[in-house]
Amino acid sequence: MAGLEVELFGIRFENPLILASGINDKVPEQWIRAHEEGAGGVVTKSIGIEPRKGYENPTIVELPYGLINAMGLPNPGWKGFLEMVEGYTFDFPLIVSIFGGTPEEFAFLAEKLGDVADAFELNLSCPHAKGYGMEIGQKQENVYEVVKAVKDATDRPVIAKLTPNTDDITKLGLAAERAGADGVSAINTLKAIAIDVHAKRPVLSNRVGGYSGPGVKPVALRAVYDLAKALDIPVIGIGGITTWQDAVEFLLAGASALQIGTAVSLRGWKVFREINEGIERYLKEEGFSSVKDIVGLALK
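Keep in mind the model is a prediction, meaning the values are calculated, not measured.

### A short note on the pairing of strand E6 (residues 66-69)
Next up, step 1: Burial along E6 is two-sided: the face carrying Gly 66 and Ile 68 and the face carrying Leu 67 and Asn 69 are both buried.
Next up, step 2: Where strand E5 (residues 60-63) meets E6, 4 bridges bridge the pair, whose relative direction is antiparallel. Its bridge partner lying in E6, Val 61 is registered against Ile 68.
Next up, step 3: Between E5 and E6, which pair antiparallel in sequence order, lie 2 residues.
Next up, step 4: Bridge count for E6 against strand E14 (residues 208-212) is 3 bridges, and the pairing is antiparallel.

### Notes on the side chain of Thr 154
Next up, step 1: On the secondary structure map, Thr 154 appears in the loop between helix H5 (140-153) and strand E9 (158-161).
Next up, step 2: A polar atom in the side chain of Thr 154 sits 3.0 Å from the backbone nitrogen of Arg 156.
Next up, step 3: Non-local contacts of Thr 154, meaning those with residues more than four positions away in its chain, are made with Ala 110 and Phe 120.

### Details of the sheet that holds E14
Next up, step 1: The sheet built from 4 strands is open, its strands ordered E5-E6-E14-E11 with antiparallel pairing. Taken across any chain shown, the strands that pair with only one partner, and hence form the sheet edges, are E5 and strand E11 (190-193). Ignoring which end each strand starts from, the neighbouring axes of this sheet average 35° apart.

### Things to note about the UniProt feature "binding site: FMN" (unreviewed entry) in the chain
Next up, step 1: Per the UniProt annotation, the sites labelled "binding site: FMN" (unreviewed entry) are Ser 21, Lys 45, Ser 46, Asn 123, Lys 161, Ile 187, Gly 213, Gly 239, Gly 240, Gly 261 and Thr 262.
Next up, step 2: Mapped onto the elements of the fold, Ser 46 is located in the loop between strand E4 (41-43) and E5.
Next up, step 3: Non-local contacts of Ser 46, meaning those with residues more than four positions away in its chain, are made with Ser 21, Leu 73, Pro 74, Asn 75, Ser 97, Phe 99 and Asn 123.
Next up, step 4: There is a polar contact of 2.6 Å between the side chain of Ser 46 and the side chain of Ser 97.

### Remarks on the UniProt feature "binding site: substrate" (unreviewed entry) in the chain
Next up, step 1: Under the UniProt annotation, "binding site: substrate" (unreviewed entry) lies at Lys 45, Asn 69, Ala 70, Met 71, Gly 72, Leu 73, Asn 123, Asn 188 and Thr 189.
Next up, step 2: Locating Gly 72 in the fold gives a position in the loop between E6 and helix H2 (77-85).
Next up, step 3: Given a relative accessible area of 0%, Gly 72 falls into the buried group.
Next up, step 4: Its place among the elements puts Thr 189 in the loop between strand E10 (183-186) and E11.

### Some points on the environment of Glu 62
Next up, step 1: For Glu 62, the position within the fold is in strand E5.
Next up, step 2: Of the residues examined, Glu 62 reaches a relative accessible area of 62% and is grouped as exposed.
Next up, step 3: On a C-alpha basis, the gap between Glu 62 and Tyr 211 in space is 9.8 Å, while along the polypeptide they are 149 residues apart.
Next up, step 4: Not counting residues up to four positions away in its chain, the partners in contact with Glu 62 are Leu 67 and Leu 266.

### Focus: the packing of aromatic side chains
Next up, step 1: The full count for this structure, using the stated rule, is 7 aromatic pairs.
Next up, step 2: With centroids separated by 6.1 Å and ring planes inclined at 40°, the aromatic side chains of Trp 31 and Phe 81 adopt a geometry described as tilted. Here Trp 31 is found in helix H1 (residues 28-36), whereas its partner Phe 81 is found in helix H2, with 50 residues between them in sequence.
Next up, step 3: Residue Trp 31 is classed as buried on the basis of its relative accessible area, which comes to 0%.
Next up, step 4: The exposure class of Phe 81 is buried, given its relative accessible area of 0%.
Next up, step 5: Note on Tyr 88 and Phe 90: the rings are 5.8 Å apart at their centroids and 5° apart in plane angle, and the pair reads as stacked.

### Let's talk about the sheet that holds strand E16 (residues 255-260)
Strands in a sheet are paired, the pairing made by backbone hydrogen bonds, and the direction either parallel or antiparallel.
Next up, step 1: A barrel is described by the order of its strands in space; here 8 strands give the closed sequence E3-E4-E7-E8-E9-E10-E15-E16, paired in parallel fashion. On average, each strand axis in the sheet is tilted by 25° relative to the strand beside it, whichever way the strands run.
Next up, step 2: Both strand E8 (residues 119-123) and E9 contribute to a ladder of 4 bridges, which runs parallel. Paired with Glu 121 across the strands is Ile 159, a residue of E9.

### A few points about helix H3 (residues 103-113)
In an α-helix there are 3.6 residues to a turn, and that puts residues three or four apart on one side.
Next up, step 1: Within H3, burial applies to Pro 103, Phe 106, Ala 107, Leu 109, Ala 110 and Leu 113. Taken around the axis of H3, the buried residues stretch over an arc of 160°, which confines them to a single face. In this structure, H3 carries Glu 104 and Glu 111 as exposed residues pointing more than 90 degrees from its buried face.

### Some details on the nonpolar core
Next up, step 1: Counting 79 residues, the largest nonpolar core has Ile 98, Leu 122, Val 184, Ile 260, Phe 272 and Ile 279 as the members making the most contacts within it.
Next up, step 2: Per-element tally for this core: the top contributor is helix H10 (residues 271-286), with 6 residues.
Next up, step 3: If near-sequence neighbours (up to four positions away) are discounted, Ile 279 is found in contact with Leu 4, Pro 16, Leu 17, Trp 244, Ala 247, Val 248, Leu 251 and Val 291.
Next up, step 4: Residues Val 61, Ala 70, Ala 192 and Leu 204 belong to the second largest nonpolar core, which totals 9 residues.

Conventions we followed
Going along each chain's sequence as written, the residues are numbered from 1 onward. The model is predicted, so local features are restricted to residues of pLDDT at least 70 and side-chain atom pairs to those at 80 or more, both for listing and for counting; the totals for chains, interfaces and linings are taken over all residues. Remark: hydrogens and water are excluded; side-chain values derive from all non-hydrogen atoms of the structure. Each residue is assigned to one of three classes by its accessible area relative to the maximum for its type, calculated with a 1.4 Å probe on protein chains only: buried under 20%, partly exposed between the two thresholds, exposed over 50%. A helix here means a DSSP run of H or I that spans at least four residues, while a strand means a run of E at least two residues long, and both kinds are numbered starting from the N terminus. Pairing between strands requires that DSSP locate at least two bridges from one strand to the other. Within 3.5 Å is the distance limit for a polar contact, defined as a pair of N or O atoms, with the added protein rule that one can donate a hydrogen and the other accept it, and that residues adjacent in sequence qualify only through two side-chain atoms. Contacts were defined at the residue level, with two residues in contact if any of their heavy atoms lie within 4.5 Å. Axis lines are fitted through C-alpha atoms, for helices just across the contact stretch, and the angle between N-to-C directions can take any value from 0 to 180 degrees. UniProt positions are given in the numbering used here, feature names are shortened, and annotations may be inferred rather than shown by experiment. Aromatic pairs are defined between Phe, Tyr and Trp rings, using the six-membered ring for Trp, whenever the two ring centres lie within 6.5 Å; interplanar angles under 30 degrees are classed as stacked, those over 60 as edge-to-face, and all others as tilted. By construction, the arc corresponds to the directions joining the helix axis to the C-beta atoms. Throughout this description, the term nonpolar core refers to a set of buried Ala, Val, Leu, Ile, Met, Phe, Trp, Tyr and Cys residues connected via side-chain atoms within 4.5 Å.

And the structure:
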């Protein structure tokens, strides 16, 4: 049998599929469900210093080719998060996504949440929350400062989640690498809008949201390809991965692991098991013994 196990930053994952930070990972029950359905690991909803209610409805628009969402980074805050996970033990890697408005806020969260996180993913790329995410992560110097501050504050692996809303994502990746990031994940959603032709106004309460799903896959694949060529640290691929063929493309493009988010909303939790089975078949039919054997083959 072909092996699906991967190791990143000294952490063992049963397979390369990870539940992405997004709209299906708010509570521990969802993380556990993802693992039971075949996810090798989980990224939590982004956690900030203070609780946030998020935006008013509507927060999601379903399109024929994906979703646009503007949730507004709803979360219980770091204290509420610790209360939420109290009493739980997880037999899979838990990557805690954190966001802040300054390097100091990111570092504070890493210090407070280090006991429950196997690794941290830094949300430097949310396209619809003013003062956070993309507004910070579009500048190389900000990426560098945030990553460095978090690395100085924790001994947990640090992953910088990068925005595609930039002229050259590799510059952001290189800044993260210089600051000591253990890896990068790419991409977050594309800045987007939907308009109701009858109401004659944007559908989302925030007007602008982040576009995800099958339509962003070629953009995400190109970003992963470019980052894998430019960086020496692992790249985690995200964006429109819906089938096992999509997953294999990202692995061939240089992704060491993969995150899946919107596909859960579109196809259900079974998507993890279906993609894993497809990857395993592909490896066997092509004569490979493990996932690691195909990572980056398209770069050569």
